[in-house]
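Spelled out from the first residue to the last, the chains are:
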Amino acid sequence: MKLYFIRHGQTDYNIEERIQGRLERELNAQGKIQAAEAIKTLPKNIHRIISSPKVRAKQTAEIINATIQAPLEIWEAFNEVDFGVLAGKTWEEVMELTQDLTMKDEFRKTNYNLRAFQGESKEEVEARIREAIEKIKTQYPNENILVVTHAPIVRMACKIIERKQESIIENAKLYEFEV
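Quick caveat: nothing in here was measured; it's all calculated off a predicted structure.

**Comments concerning the pattern of salt bridges**
Here's step 1: Counted according to the given criterion, the structure contains 18 salt bridges.
Here's step 2: A salt bridge links E120 to R128, with the shortest nitrogen-to-oxygen separation between them at 3.0 Å. One exposure class covers both E120 and R128, and it is buried.
Here's step 3: Note that R130 is salt-bridged to E126, the shortest N-O span being 2.9 Å. Of the two residues, R130 and E126 are both situated in helix α6 (residues 122–139); the distance of four residues between them amounts to about one turn of the helix.
Here's step 4: On the accessibility criterion, E126 (18% relative accessible area) is buried.
Here's step 5: Several salt bridges share partner residues, and in doing so they unite K2, E176 and E178 into one network.

Have a look at this one:
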């Protein structure tokens with residue numbers, strides 16, 4: 001089976017380099033174009049789409065699904081990382097607030113613990129993504145699945161499935177895994 005991950009299309013917060021976390025932000029005009037363009041990168045045999053519950057991911061999934069016409073499911077497990085009180089801040093503001101100039105780089109290396117900020121730890125995120133991937137493999141063993149989610153979740157999937165580090169996850173870029 002193949003498992004495809006794609007990050008949602010662009011939002012205004014992406015342009016501003018603000019941490020969206022679990023805040024709701026819609027796709028901007030460019031994000032909608034990116035989602036429509038992403039269809040060209042997808043294989044023809046996607047059997048099912050699973051999306052994060054965040055509106056930006058659901059909008060991306062719906063734009064893609066207008067062409068694919070596959071069953072679309074919303075899974076909480078693929079929700080964005082909970083950044084707690086850091087959500088809505090720019091990385092510059094976060095580094096100033098925390099006095100940790102390495103925080104952005106460490107986060108992109110999946111080396112973080114946001115519990116001190118009422119958010120999630122990397123262990124919590126990893127556990128929910130591992131569990132969700134196993135659930136997909138059990139429920140849909142012969143299907144090719146597209147997961148529409150967020151950069152940190154795609155990054156964690158790369159780490160879990162391929163044991164490789166992806167620091168930059170672009171909007172609407174496709175990642176393919178054999179599971």
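**Topic: the packing of aromatic side chains**
By convention here, two paired aromatic rings are described through the distance between centres and the angle between planes.
Here's step 1: In total, this model carries seven aromatic pairs according to the counting rule given.
Here's step 2: Here F5 and F78 contribute two aromatic rings whose centre-to-centre distance is 5.8 Å and whose plane-to-plane angle is 75 degrees, an arrangement assigned as edge-to-face. With a gap of 73 residues between them, F5 in strand β1 (residues 2–7) and F78 in the loop between β3 (72–74) and α4 (91–98) connect regions that are remote in the sequence.
Here's step 3: On the accessibility criterion, F5 (0% relative accessible area) is buried.
Here's step 4: Given the relative accessible area of 0%, F78 is considered buried.
Here's step 5: Between F5 and F177, the aromatic rings sit 5.8 Å apart at their centres with planes inclined by 80 degrees, giving edge-to-face as the arrangement. Placement of F5 in strand β1 and of F177 in strand β5 (residues 174–178) is noted, with a sequence separation of 172 residues between them. For the pair formed by F5 and F177, the shared burial category is buried.
Here's step 6: Grouping aromatic residues by their ring pairs yields a cluster made of F5, W75, F78 and F177.
Here's step 7: Across from the ring centre of Y13, 6.0 Å away, lies the NZ or CZ of R18, which sits over that ring.
Here's step 8: Above the plane of the ring of W75 lies K135, whose end atom (NZ or CZ) is 4.6 Å from the centre.

**Details of the sheet that holds β1**
Here's step 1: Strand order in the open sheet made by the five strands is β3-β2-β4-β1-β5, with mixed pairing throughout. Here the strands that pair on one side only, and so sit at the sheet edges, are β3 and β5. Averaged over all pairs of adjacent strands, the angle between strand axes in this sheet comes to 20 degrees, irrespective of strand direction.
Here's step 2: Taken together, the three bridges between strand β2 (residues 48–51) and β3 define a ladder with parallel strand orientation. Bridge assignment links I50 to a residue of β3, and that residue is E73.

The rules we used
- Residues numbered from 1 in each chain as written.
- Predicted model: local features only at pLDDT ≥ 70, side-chain atom pairs only at ≥ 80, totals over all residues.
- Heavy atoms only, no water.
- Salt bridge = Lys/Arg side-chain N within 4 Å of Asp/Glu carboxyl O.
- Buried < 20%, exposed > 50% of the residue type's maximum accessible area, 1.4 Å probe, protein only.
- Helix = DSSP H or I, 4+ residues; strand = E, 2+ residues; numbered from the N terminus.
- Phe/Tyr/Trp six-rings, centres within 6.5 Å; stacked < 30°, edge-to-face > 60°.
- Lys NZ or Arg CZ within 6 Å of the ring centre and 35° of its normal.
- Pairing = 2+ DSSP bridges.
- Axes fitted to C-alpha atoms, helices over the stretch in contact; angles between N-to-C directions.

In short, geometric facts, not functional conclusions.
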